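Okay, here's what each chain looks like letter by letter:
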Amino acid sequence: MQFSSRILGSTSVTPWASAVERARARGAIRCDLTVTNPTAVGLGVSDPSALAALSDPRSLAYEPSPQGLFEAREAVCEHYLREHNATVSPKQVWLAASTSELYAQLFMLHCDPGDEVLVPRPSYPLFDALASLTGARATRFSLRYDGAWMLDTDSIERAFSPRTRALVLVSPNNPTGSRLREAELAWVADACARRGVALLVDEVFAEFLLDPAEDAVATTAREPRCLCWTLGGLSKSAALPQMKLGWAALSGPESLVREAEARFEHVTDAFLSASAPVQHAARSLLAHGAAARAEILARARANLAFARAATPTSCGVTVLGCEGGWSAVLRVPNVRDEDEWLRALLEEDRVLVQPGYFYDFEREGFLVVSLLQREELFREGLSAIAARAERWLRE
Ligand SMILES: Cc1ncc(COP(=O)(O)O)c(C=O)c1O
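These notes cover the structure that comes with them. Computed from a predicted model, the values in this text were never measured in an experiment.

With respect to the pattern of salt bridges
Logical step 1: Counted under the stated rule, the structure contains 28 salt bridges.
Logical step 2: Notably, a salt bridge pairs R283 with E74, separated by 3.3 Å at the nearest N-O pair. Of this pair, R283 sits in helix α9 (residues 276-309) while E74 is found in helix α2 (residues 70-84), placing the two residues 209 residues apart along the sequence.
Logical step 3: By relative accessible area, which is 31% here, R283 ends up partly exposed.
Logical step 4: Residue E74 is classed as partly exposed on the basis of its relative accessible area of 29%.
Logical step 5: For the salt bridge of R181 with E323, the shortest nitrogen-to-oxygen distance reads 2.8 Å. Of this pair, R181 sits in the loop between β6 (164-170) and α6 (182-195) while E323 is found in the loop between β10 (318-319) and β11 (327-331), placing the two residues 142 residues apart along the sequence. Neither residue differs from the other here; R181 and E323 are each classed as buried.

Looking at unusual backbone geometry
Logical step 1: Omega for the bond connecting S171 with P172 falls within 30 degrees of zero, at -10°, which places this linkage in the cis form.
Logical step 2: Of note, P172 is situated in the loop between β6 and α6.
Logical step 3: At the junction of N174 and P175, the peptide bond is cis and its omega measures out at 15° in the coordinates.
Logical step 4: Position of P175 among the secondary structure elements: in the loop between β6 and α6.
Logical step 5: Even without a glycine there, the phi angle at A239 is positive, about 55°.
Logical step 6: Take A239: it is sitting in the loop between α7 (234-237) and β9 (246-251).
Logical step 7: In this structure, L272 takes a positive phi of about 45° despite not being glycine.

Here's the deal with the site of the ligand
Logical step 1: Within the structure, the ligand sits among S98, T99, S100, Y124, V170, N174, D202, V204, F205, S235 and K236.
Logical step 2: Here an oxygen atom of the ligand sits 2.6 Å away from a polar atom, N or O, in the side chain of T99.
Logical step 3: At 2.8 Å from an oxygen atom of the ligand is found a side-chain nitrogen or oxygen belonging to N174.
Logical step 4: Contact with the protein chains hides 89% of the accessible area of the ligand, taken as 400 Å² for the molecule alone.
Logical step 5: Listing elements by their share of the shell around the ligand, those giving two or more residues are α3 (99-110) and α7.

Side note on α3
Logical step 1: Helix length check: α3, at 12 residues, gives a terminal C-alpha distance of 16 Å against a target of 16 Å (1.5 Å per residue), a fit within 8%.
Logical step 2: Taken residue by residue, α3 has T99, L102, Y103, A104, Q105, L106, F107, L109 and H110 as its buried positions.
Logical step 3: Its side-chain oxygen at 3.4 Å from the backbone nitrogen of S100, S98 defines the N-terminal cap of α3.

Regarding the packing of α2 against α9
Logical step 1: With their axes 7 Å apart at the nearest point, α2 and α9 run at an angle of 25° to one another. Taken together, the axis directions place α2 and α9 in an arrangement best described as roughly parallel. As α2 runs across α9, the sense of the crossing is right-handed. Note on element contacts: α9 touches α2 through Q279, H280, A282, R283, L286, A287 and R293, opposite E71, A72, E74, A75, V76, E78, H79, R82 and E83.
Logical step 2: The residue makeup of the contact of α2 with α9, split by class, is 6 nonpolar, 3 polar and 7 charged.

Criteria and cut-off values
Residues numbered from 1 in each chain as written. Predicted model: local features only at pLDDT ≥ 70, side-chain atom pairs only at ≥ 80, totals over all residues. Heavy atoms only, no water. Salt bridge = Lys/Arg side-chain N within 4 Å of Asp/Glu carboxyl O. Helix = DSSP H or I, 4+ residues; strand = E, 2+ residues; numbered from the N terminus. Buried < 20%, exposed > 50% of the residue type's maximum accessible area, 1.4 Å probe, protein only. Near = heavy atom within 4 Å. Polar contact = N/O pair within 3.5 Å; in protein donor to acceptor, adjacent residues only side chain to side chain. Areas by Shrake-Rupley, 256 points an atom, 1.4 Å probe, with all protein chains shown as cover. Expected span 1.5 Å × (residues − 1). Axes fitted to C-alpha atoms, helices over the stretch in contact; angles between N-to-C directions. Parallel < 35°, antiparallel > 145°, perpendicular 65-115°, else oblique. Left-handed = near helix turned anticlockwise from the far one by under 90°. Contact = heavy atoms within 4.5 Å. Nonpolar A, V, L, I, M, F, W, Y, C, P; charged D, E, K, R; others polar.

Written out as structure tokens, the structure is:
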């Protein structure tokens, strides 16, 4: 049987994944600092009344709409106005079942097989798979850390090729928490406009701001300088990944926007993937999301503050600057490689973390911890990491 080479990655379970599975089955993980599902740690689940909106009788009628139902797009615009003080028109907004799906649909819109999309490193690890599934290729540019993360514009220049069709930015980025600056956006928008490259900005974490960030971009949903797709979704904005609704707001020079709209309609019309119940419920779910976001922010801020307090200089662990999002990056002493850190933390301390290499950091020595975990477990986990670092440094 022939299978597509567009499916990347191994078809067998990695040794690390099976070690984690076995540890879970034995109940041997005490602090899971990899949790990214808010509903699994008691966040955003306190108000079942939000579910009532899903039984709107209008959902019994099928109204196929390639762009998404007007009422749901209007709800997304109200969200932009409320949360980011940005006036977005329903005409700009396109709906699908998730932002992951929108990435794939946008790669289909902009790329022929073998064309390239530029993606940041370190960042969200799904880009390679999404690009490959659509026949495109993800190529990298770098984010640099110098007390704060910034775009390495030289590496973007070097990464552009005649086959580049789209450039992806994530703000706040996962896992670094770094936010796009106005000057960086101006540079990127100009570079994309000159080359006829589409800009995709993933703002799924835009409402989760942790540390102040001067001159940070609130949203690119009205970016006029290049063709720009700004992505968001209920998975983070309402802390409900299971509801399956994502959006992309299109902006840019008028003639390009018109061309993109006409073509994108062919892509979205082939899938019509956003369900009627979630679209009818979008306004209510986004409103319900305000309480969930507040709960998440309170927990993430408390956990980040603890992480900083629990890692004195003496232990050799540094919490890198973190302006937003649901995770923090720890620089750990290079006395062991990341796999050894993971194994010792799991087997001896019963703490599960992610390695930096999972997010394609350019070098070893980073662990990624979720800020969503319950405070008491997060504290235990961080204390174990700090204690282990101190012990290994002394050895
Ligand atoms: C940066 C980023 N974008 C997109 C997604 C996926 O969102 P969705 O559930 O809407 O596909 C995630 C999920 O963690 C993410 O971290």
